[in-house]
2 protein chains.
Amino acid sequence: MTEALSAPNSPAALRSLIRAGRWLSPTAGLTPGFAQANLVVLPHAWAYEFLLFCQRNPKPCPLLEVTDTGNWEPIASAPGADLRQDLPYYHVYQNGELVERRRNILDLWQGDWVAFLLGCSFTFEEGLLEAGVPVRHIACGRNVPMYRTTIGCRPAGRFSGPMVVSMRPIPADLVVRSVQVTSRYPAVHGAPVHIGDPATIGIADLMCPDYGDQPDVRPGDVPIFWACGVTPQAVATAAKTDLMVTHAPGHMFITDIPTASLAVF
Amino acid sequence: MTEALSAPNSPAALRSLIRAGRWLSPTAGLTPGFAQANLVVLPHAWAYEFLLFCQRNPKPCPLLEVTDTGNWEPIASAPGADLRQDLPYYHVYQNGELVERRRNILDLWQGDWVAFLLGCSFTFEEGLLEAGVPVRHIACGRNVPMYRTTIGCRPAGRFSGPMVVSMRPIPADLVVRSVQVTSRYPAVHGAPVHIGDPATIGIADLMCPDYGDQPDVRPGDVPIFWACGVTPQAVATAAKTDLMVTHAPGHMFITDIPTASLAVF
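Let me sum up the structure you'll find in this document. (Residues numbered from 1 in each chain as written. Chains lettered and ligands numbered in written order. Predicted model: local features only at pLDDT ≥ 70, side-chain atom pairs only at ≥ 80, totals over all residues.)

1. What about the sheet that holds strand 6 (residues 146-152) of chain A?
Residues and elements named next belong to chain A.
Part 1: Taken in spatial order, the four strands make up an open sheet running 6-7-9-8, and their pairing is antiparallel. Both edges of this open sheet fall to strand 6 and strand 8 (194-195), since each of them pairs with a single strand only.
Part 2: Alignment of strand 6 against strand 7 (residues 162-171), held across four bridges, turns out to be antiparallel. Residue R148 lies in a different strand from strand 7, and its bridge partner there is V164.
Part 3: Sheet strands touched by helix 5 (residues 175-183): strand 7, strand 8 and strand 9 (221-227). Its angle to strand 9, the strand with the most contacts, is close to 15°. (Pairing = 2+ DSSP bridges. Helix = DSSP H or I, 4+ residues; strand = E, 2+ residues; numbered from the N terminus. Contact = placed C-beta atoms within 7 Å. Axes fitted to C-alpha atoms, helices over the stretch in contact; angles between N-to-C directions.)

2. Quick notes on the pairing of strand 5 (residues 113-119) of chain B
Residues and elements named next belong to chain B.
Part 1: In terms of burial, strand 5 is largely enclosed, as seven of its seven residues are buried.
Part 2: Burial along strand 5 is two-sided: the face carrying W113, A115, L117 and G119 and the face carrying V114, F116 and L118 are both buried.
Part 3: Pairing between strand 1 (residues 34-43) and strand 5: seven bridges, direction antiparallel. In the strand pairing of strand 5, V41 is matched with A115. (Buried ≥ 20, exposed ≤ 12 C-beta atoms within 10 Å, placed from the backbone.)

3. Remarks on unusual backbone geometry
Residues and elements named next belong to chain A.
Part 1: In this structure, T31 takes a positive phi of about 40° despite not being glycine.
Part 2: Examined against the element boundaries, T31 turns out to sit in the loop between helix 1 (11-19) and strand 1 (34-43).
Part 3: Using a count of 22 C-beta atoms within 10 Å as the deciding quantity, one classes T31 as buried.
Part 4: Positive phi, close to 50°, is recorded for N95, a residue that is not glycine.

Right under this line is the structure:
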């Protein structure tokens, strides 16, 4: 039986709680001031092309760390952590199909696996809130809406596909501020990729996102679109990698990286 | 016989002149407003570890582009260009030793070669000069002084070693401005890695650089150190890659990338 717990503010303490199976919920809003990360684990045979895909598409795929082949410890972003068991839930894909949701991947881990940690928009949402910009989906307790677009990613080997974006409706008088705030954080998707008309980037119906929840758009709001960390998962799924492990949506890896240290200045 | 030519201001026109063998000089100061790049070519068997080294050490190794394996065209940074013949001079290394200086590598190029283009400090020097910050080595027609330091790079596979830095003596009242200006360009080494006492980063004698020319330090100048693009060449040489091709020092690749487009904002 899991007792009701308030989450600790230290990343290491929260990771311990997660490892012990005592925190199984989404991580949004936890350990304020520290960056959270998307996880993608691939066999070494896919690692070069994936790394190249990230280099060519830094807005949807901002790399925070790539582990040494076979090593589950992210020595730069969270020394002592274990990427096999320090996230609440994992998704396992085989040949592009989701086959399992798991609490850890201790018994799956292979000596040729490489873990990629990618910046997550939770980090810049903290910056928006601090700057007085409302974040609608947080206010109403939903997941951010996400959409496939007609913006093509630059292909790399077997990886290619359209960019997936997240959308936040922003009051018109705060649009400029939201560009400024998020521009400071290129390591967590950075500045928006589009402002305004969804049709321009191939989105037919703003109220029908491809991932996440329906948006809460209020009168006077302008839709602002940011490159989304679902993109690399989507292209890896389309490439039908023989194996891929990711975090379960919303259940991110908590790093020791202070958000402020990611700001360009 | 090469007639005296003034360099064209367009990157494509200058690359044509270079390809025709009519421009054989260093490229510093040419095509103002466009980024120049360091070239490192490695066989595919070394490419993943080198790409990972660049990911882990973005200040000395800011990647502008990585070509597809076997492809000599930098399709993102200079479509139509040919990295086998559009630089004035190339250096060829075997097992870590410089074995040849060449006008082109047309007959050497192999189907498993990968070309890496890395940002070059010529780009931020333009920004310093525009901001009224004197750049001493340019003023006296010398090469920038460069030093091995005790700052360790994060290793990646067979690549490891100390960071190499370049040094520019800056008048004390312009030190802050020089930090601000170069911070805008992370894609070309970005902000300094050290300001002041050379001994702090393991430099015994500022007047005896390990590469480049002796500095011109004037009364009231403060030495400022930036991560240097010689770093990746130095670690690749130390790793004794079976083969590596680079630009000859000072003879860079001219991209079509406007300098202004590299500014973070």
